[in-house]
Amino acid sequence: MNNISSVVITLMDAKLSDEVVSKISTIPNCEVAAKENDKIVVLIESSDLDGELATFRSLEHIEGVSTVAMIYSYQDLDNDISKANSNDIGEIVRKIDEMDVKDIKYNGNPNI
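Since we're looking at a predicted model, the values are computed, not measured.

Participant: What am I meant to see in helix H1 (residues 17–24) here?
Facilitator: Note that an α-helix has 3.6 residues per turn; residues three or four places apart therefore point the same way. Taken together, the buried positions of H1 are occupied by Ser-17, Val-20, Val-21 and Ile-24. Viewed end-on, H1 has its buried residues packed into an arc of 100°, placing them on one side of the element.

As structure tokens, this is what we get:
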């Protein structure tokens, strides 16, 4: 595993803590490091950035989870950089620039 990160999960209700911890334990490469009241700290290991993001999204979709906040992330980006360098980034940017703004969808979860 080349990527290590930690997240803090805030629950909608502290009573859901044990249930959410149980669901987290079914997600590969996740480990509950601590829990208190409506907060759970989870360590994530992954082989690449895509795996880390997929795990993050899996945590977000657990019933009873209010927010997932990345606290720490270490990434060995050599493979990702190599993959990006093999793409035609100029062509990708050109396609994005030519897209209609209405066709662009944001799938994030901003915390303000």
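Having put the structure on the table, let's press on.
Participant: What's the story with the nonpolar core in this structure? I'm lost.
Facilitator: Where a protein is soluble and globular, its nonpolar side chains tend to be buried together. One finds Val-7, Ile-9, Ile-24, Ile-40, Val-42 and Leu-59 to be the most contacted residues of the largest nonpolar core, which totals 16 residues. Counting only elements with at least two residues in this core, the list comes to strand E1 (3–11), H1, strand E3 (39–46), helix H2 (49–60) and strand E4 (65–74). Residues contacting Ile-24, with those up to four places away along its chain left out, are Ile-9, Cys-30, Val-32, Ile-40, Val-42, Leu-59 and Ile-62.

Participant: Would you mind going over the sheet that holds strand E2 (residues 30–36) with me for this structure?
Facilitator: Whenever strands of a sheet pair, they do so through backbone hydrogen bonds, lying parallel or antiparallel. Across the sheet, which stays open at both edges, the four strands sit in the order E2-E3-E1-E4 with antiparallel pairing between neighbours. Strands with a single pairing partner mark the edges of an open sheet, and in this sheet they are E2 and E4. Taking the axes of each pair of neighbouring strands and ignoring which way they run, one obtains an average angle of 20° across the sheet. Taken together, the eight bridges between E1 and E4 define a ladder with antiparallel strand orientation. By the bridge assignment, Thr-10 is partnered in E4 with Thr-67. The strands that H2 touches are E1, E2, E3 and E4; relative to E4, the one it contacts most, it runs at about 155°.

Participant: Would you mind going over the pairing of E2 with me for this structure?
Facilitator: The side chains of a regular strand alternate between the sheet's two faces. Note: E2 against E3, six bridges, orientation antiparallel. Residue pairing for E3: Val-32 is matched across the bridge by Val-42. Linkage of E2 to E3, two consecutive antiparallel strands, is achieved through a turn of two residues, within which Asn-37 is found at a positive phi near 55°.

Conventions and cut-offs
- Residues numbered from 1 in each chain as written.
- Predicted model: local features only at pLDDT ≥ 70, side-chain atom pairs only at ≥ 80, totals over all residues.
- Heavy atoms only, no water.
- Buried < 20%, exposed > 50% of the residue type's maximum accessible area, 1.4 Å probe, protein only.
- Helix = DSSP H or I, 4+ residues; strand = E, 2+ residues; numbered from the N terminus.
- Arc of directions from axis to C-beta.
- Core = buried A, V, L, I, M, F, W, Y, C linked by side-chain atoms within 4.5 Å.
- Contact = heavy atoms within 4.5 Å.
- Pairing = 2+ DSSP bridges.
- Axes fitted to C-alpha atoms, helices over the stretch in contact; angles between N-to-C directions.

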